[in-house]
Amino acid sequence: MNQELKRARHRQVFIFLFVMVSMFGLFGRLYYWQVIDGPQLAQAANAEHTQNLVVSAPRGLIYDAQGHLLATNVIRDDVYIEPIQFFTDAADAALTPAQQQAKLAFVVQTLHQILGIAVDTLNKEFNSNLPTYRIAVNISPQQSEALRTSRLSYIFLDSHAVRVYPGGDLAAQVLGYVAPDPNNPASYNGYYGIEGQYNTLLSGKPGSITAETDLNGNPLTVGPSSQQAAVPGANLTLTIDSTIQYEVQSSLSTIVQQVKAMSGSAIVLDARTGAIVAMAGYPSFDPNNYGAYASTLGCEDQQEVYFNPLLYCGYEPGSTMKAVTMAAALDQGLITPDTALYDPGYINFGNGIPTVANWQYEAWGHETMTQVLEHSANVGAAYVAYKILGPNRFYPYVKQFGFGQTYNIDGPEEAGAYTTNSLSDLTRQAFGQSIRATPLQMAMVYQTIANGGVMMHPYLVSSINNNGQTTTLQPQVAHRVISAQTASTLAWMLQQDVLYGLAIPVAIPGYSISAKTGTATTQGLAMDQTVASVAGFFPTKNPRFVILVRVDRPQATIYGITAAGPLWKSIAQDLIWHYAIPPDQLLN
C-alpha cells in the first residue's frame, strides 16, 4: 500500500471517529435535555405561555338604615400610551420627520380634546422613551366611550373597580375611604371608619385563573385553563339614617361657622337600643377625593380630618358631667332632689385643694340638688363629690358609665382618661374638669339615664349580608348602671333644667325634654377658650332619641347654651318632623 493510500485511510478513520464522537455527544446532550433536564425545561417553556392571573373580588356595598347606598363600586378606566411602539412603527414605516410629527400631532390633539390634558404635557409623555406611560386615571364613562370610538393606535384602556360614595361627604368620618395598598398598589384597602374596621369582610377573597396566553400575555380562548372564582365582599347595612345624617351635618357646619368655632361634632342615638342614627364632625372630607384633604385638620386642629371626632377627639366635658355626679349620689340614697346646701359662689375644702367656684363666682345661696343642675353650679357638684360621695362611692360609677373605655365600633377610638388618687381632681371631675372623655362616652351617659339606668352597647352595623348569608345584629345590653328609680328621678331633674334653668333655650313647645348644658374650660387656656356642649334626650318619660352636640372654641359666643343650644334644638326638631313624633305635653 503506497503512502498516499495510507494517508487517505487515516483521514477516513479520523473523520469516522470524529463523526461518531460528535453523534455520541449530541445524543448525550439530547438525553440530558429530554430525560435529565426535560421536566424543568418543559415547565419553563410552559410558563412562557401560561400565567396565573389574580381576579379581584368586588368590594362589599354599604347601605344606610333605609337601604340607600352609602358606598358602592363602579368600573373606571385608566389611560395608557405606548411611546416606544409609536416611534418604532414610525421608523419601520419609513415616515419622514414631517409625517411622523403630523401623526403624533393628530394623536395628541385627539387626546387633548377628549381628556383635556395639555398638548405640551402629552408631547412630553410621548417622548418619555418608555414602553407604556399612564396619562390619566379614573376617566369618566363618556371619555372612555369617546376614546374607544376614536380607535386611536398606541392607546389602551385599563379597566378596574373604583370605590364611589354617592353622598359625597355624607357620613364620611363614619365610612372612611378606600385607597391602594402601599405595599401592593394593585390591591385596595379600607382606611378609617367602617371601611377600615370591616376591611377584611368588605374585601372578600380574590380569585385566580391559570390559562394559556399569547405572546402579549392575553388569555387564549382555547387550551387548558383552571379558574377559582373570586368571593365578593360582604354588604353592610348601617344604623345611620341618611336624612337625619344630612340634617345634622348641615346644621353642624352652619353653627360652627356662625359662632366662629374651630370645629364641632354631633351624635344622635336611639335611646332604647343604642343604635347610632347620625354621627358627624366638622370639618369633614369627601372620600371620593380623600387625597385633597391630607393637610386638613379637625378636632381643634389637633387630628387629621379623617378621624371620627365623636370617637377620637377627647375633651373635658364640663357641666354635662354633673349628671354622673348626681346619678351616683341618688343611686346610693345619699341625696334626694330636694337635698339642700348653701352656695356662696365658691367652696374651700382645705388640705391644699384649690378653691372651687361657680362661673363668675355666681352665688346661689340656699339651693336644692335639682337647682344645682338648673344653675349648673360647680360648688354644688363638688360638694356632693367631696362631702357626700368621696372617692370610694364616686369612681365606681364613673367606671360603670363607661369612662376610660372604648366601644370598638368604627375604627380608631380614644379611651379617655381620669385619675382616682387625687382629692383635688375629685372635686373637679364632679363638674367635668380633670377628666377626659369622648363625645360618644358622654352621649352614652345620657342614653343610660334615658333607658331606665341600663346602658346599651352602641352600634353602627345593623346587618351583614355575606353572599346570601344574612346576619342581623340585635341591640345588646352592656349592663345596668343605676336603678330605674334613680334614672327616672334624674330625668325629672334634668327636665327642670329645660323648664327653669340654663337649658330653657332648647325647649320645644309640646315636648318634654331632659338636657344639660356644658361650658368647659381647660387649665392653661384663657377662660374664653371653651368647649360648648349640650347633652340630653326626649321625650322625658318615653325617650326616643339622645342628642349630644359639641362646639370647640367658639368666638362669637362662648357658652354651652348659646353656642351649642341652637344646634341641639335644630336636630331635635328635625327628628320630630322626620319621625312624626307626637307631642307629649299640653301647650300653654
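Above this text sits the structure in question.
A brief structural summary. A quick note: this is a predicted structure, and the numbers were derived from the prediction, not measured. Throughout, a residue's number is its position along its own chain's written sequence, starting from 1. Residues qualify for local features only when their pLDDT is at least 70, as the model is predicted, and side-chain atom pairs are given and counted only at 80 or more; totals for whole chains, interfaces and linings, by contrast, use all residues. In computing side-chain properties, one takes all heavy atoms of the structure into account and sets aside hydrogens as well as water.

### A look at the state of the cysteines
Let me state the cut-off plainly: Two cysteine sulfurs form a disulfide in these notes if their separation is within 2.5 Å. A run of H or I in DSSP counts as a helix once it spans at least four residues, and a run of E counts as a strand once it spans at least two, with each numbered from the N terminus. Only protein chains enter the accessibility calculation, which uses a 1.4 Å probe; a residue whose area is less than 20% of its type maximum is buried, one above 50% is exposed, and one in between is partly exposed.
Counted according to the given criterion, the structure contains 1 disulfide. Each disulfide pairs two cysteine sulfurs, and for Cys 299 the partner residue is Cys 313, the sulfurs being separated by 1.9 Å. Taking the sign of the S-S torsion, about 90 degrees here, the bridge from Cys 299 to Cys 313 comes out right-handed. Here the residue Cys 299 occupies a position in the loop between strand E13 (297-298) and strand E14 (303-304), and Cys 313 occupies one in the loop between helix H11 (309-312) and helix H12 (322-331), the gap between them amounting to 14 residues. Classification of Cys 313 as buried rests on a relative accessible area of 1%.

### As for the sheet that holds strand E27 (residues 545-552)
Backbone hydrogen bonds are what pair the strands of a sheet, in a parallel or an antiparallel way. Going by this rule: For two strands to pair, DSSP has to find at least two bridges joining them. For helices, the axis comes from a line fit to the C-alpha atoms of the stretch in contact; other axes are also lines fit to C-alpha atoms, and the angle between any two N-to-C directions lies between 0 and 180 degrees.
Ordered in space as E12-E11-E27-E26-E25, the 5 strands form an open sheet in which the pairing is antiparallel. The sheet is open, and its two edges are formed by strand E12 (276-282) and strand E25 (514-521), each paired on a single side. Going from strand to strand, the sheet's axes swing by 5 degrees on average, the running direction of each strand aside. Pairing geometry for strand E11 (residues 263-270) and E12, over 6 bridges, is antiparallel.

### A short note on the environment of Asp 181
Selection rule: Only heavy atoms matter for contacts: two residues are in contact if any of them lie within 4.5 Å across the pair. Within 3.5 Å is the distance limit for a polar contact, defined as a pair of N or O atoms, with the added protein rule that one can donate a hydrogen and the other accept it, and that residues adjacent in sequence qualify only through two side-chain atoms.
Note that Asp 181 resides in strand E6 (residues 177-181). Along the backbone, Asp 181 and Tyr 191 are 10 residues apart, and their C-alpha atoms lie at a distance of 10.0 Å. Aside from chain neighbours lying at most four places away, what touches Asp 181 is Ser 187, Tyr 188, Asn 189 and Tyr 191. A polar side-chain atom of Asp 181 sits 2.9 Å from the main-chain amide nitrogen of Asn 183.

### A look at the packing of aromatic side chains
Here is the rule we go by: Pairing of aromatic rings covers Phe, Tyr and Trp, the last through its six-membered ring, and needs centres within 6.5 Å; plane angles under 30 degrees mean stacked, over 60 mean edge-to-face, and all others mean tilted.
Tallied over the entire structure, the rule returns 20 aromatic pairs. Taking 5.2 Å as the distance between ring centres and 65 degrees as the angle between the ring planes, the aromatic pair formed by Tyr 177 and Tyr 306 counts as edge-to-face. Linking Tyr 177 in strand E6 with Tyr 306 in the loop between E14 and H11, this pair joins segments that are 129 residues apart in sequence. Residue Tyr 177 shares its accessibility class with Tyr 306, and that shared class is buried. Plain terms: the ring middles of Tyr 192 and Tyr 306 are 5.5 Å apart, the flat faces sit at 35 degrees to each other, and that makes the pair tilted. Of the two residues, Tyr 192 is situated in the loop between strand E7 (184-191) and helix H8 (193-197) and Tyr 306 in the loop between E14 and H11; the sequence distance between them amounts to 114 residues.

### Some details on the nonpolar core
Selection criterion: Here, nonpolar core refers to any group of buried Ala, Val, Leu, Ile, Met, Phe, Trp, Tyr and Cys residues whose side-chain atoms link them within 4.5 Å.
Counting residues in hydrophobic clusters, the biggest one holds 95 residues, and the most contacted among them are Leu 238, Ile 267, Met 369, Phe 403, Tyr 446 and Leu 490. Excluding residues within four positions of it along the chain, Phe 403 makes contact with Met 321, Val 324, Val 398, Ala 415, Tyr 418, Ile 435, Ala 437, Gln 441, Met 442 and Val 445. Formed by 36 residues, the second largest nonpolar core is a distinct cluster that contains Val 506, Ile 508, Ala 532 and Leu 575.

### Observations concerning unusual backbone geometry
In this chain, Tyr 282 is followed by Pro 283 through a cis amide linkage whose omega measures 5 degrees. Even without a glycine there, the phi angle at Arg 151 is positive, about 50 degrees. Inspection of the secondary structure puts Arg 151 in the loop between helix H6 (141-150) and strand E5 (155-164). Its identity is not glycine, yet Ser 434 carries a phi of approximately 60 degrees, on the positive side. Positionally, Ser 434 belongs in the loop between helix H16 (423-429) and strand E20 (435-436). Residue classification places Ser 434 among the partly exposed positions, given a relative accessible area of 22%.

### Considerations on the side chain of Lys 516
Our working definition: Positive charges come from Lys and Arg, negative ones from Asp and Glu, while His and the chain ends are left out of the count. For this document, the term salt bridge refers to a Lys or Arg side-chain nitrogen within 4 Å of an Asp or Glu carboxyl oxygen.
Of note, Lys 516 is situated in strand E25. Among buried charged residues, Lys 516 stands out as having no salt bridge; its nearest opposite-charge side chain is Asp 497, 4.3 Å away. Reaching out from Lys 516, the side chain makes a polar contact with the side chain of Ser 376 at a distance of 2.9 Å. If we ignore the near neighbours within four places in the chain, the residues touching Lys 516 are Ser 319, Thr 320, Lys 322, Leu 373, Ser 376, Tyr 446, Leu 494, Asp 497, Ser 533, Val 534 and Ala 535.

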